[in-house]
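Chains, contacts and geometry: an overview
In case you want the letters, here they are:
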Amino acid sequence: MIWIILYILYLIISKTYYEYKINSHIEYISSLNQSIKEKINEAQKIIEYKSSLAYKNKILKEQQSFKNKWEEVVYLTTQTMYNKFVNEVEEEKITEQIILKDSITDNMTIKQKWLYLIFKKNTY
């Protein structure tokens, strides 16, 4: 008789534990579903924003440096002054390099010039 009562108690406890495990698993899955739904909603909002014309217009303007009709662009210098400055600096660098190379090889013999041209070593 005691064995039967113990067996019935075992069955009851095992069934309640089994139901507890199932219920806790269901709660876990439902919480995961809820968090996934929230992430999907956030992703949809981001997609809607990034597919809007305002966002596309903003990105295109940033990439191509465009401006709206009401916007003004302020130039710190004119394009001709910029080009003049850039060309003068480049010409000065080129002429300095030519003069420097000529002055180095002016007093060299042919053998020294060839050694200088090949190995970039001054043999003085």
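Every chain is numbered independently, its residues counted from 1 as its sequence is written. This being a predicted model, a pLDDT of at least 70 is required before a residue's local features are given, and a value of 80 or more before pairs of side-chain atoms are given or counted; all residues contribute to the totals for chains, interfaces and linings. The side-chain figures draw on all heavy atoms in the structure; neither hydrogens nor water molecules are used.

Looking now at the overall build of the chain. A count of helices and strands for the chain gives 4 helices and 0 strands. Out of the 124 residues belonging to the chain, those deemed buried represent 6%. The numbering of helices and of strands both runs from the N terminus, where a helix is a DSSP run of H or I of at least 4 residues and a strand a run of E of at least 2. Burial classification: accessible surface area is computed with a 1.4 Å probe over protein chains only, and a residue below 20% of its type maximum counts as buried, one above 50% as exposed, and the rest as partly exposed.

Each Phe, Tyr or Trp ring, with Trp reduced to its six-membered ring, pairs with another whose centre is within 6.5 Å; inter-plane angles below 30 degrees give stacked pairs, above 60 give edge-to-face pairs, and intermediate values give tilted ones. Applying the stated criterion across every chain yields a total of 1 aromatic pair. When the ring of Tyr-49 is compared with that of Tyr-55, the centres are 5.0 Å apart and the planes differ by 55°; the resulting orientation is tilted. Among the residues examined, Tyr-49 registers a relative accessible area of 47% and is labelled partly exposed.

Now for the confidence of the model for the chain. Think of pLDDT as the predictor's per-residue confidence, scored from 0 to 100. On average, residues of the chain score 79 in pLDDT, and 65% of them are at 70 or above. Per-element averaging of pLDDT across the chain places helix H3 (residues 79–105) at the bottom with 64 and helix H1 (residues 2–50) at the top with 93.

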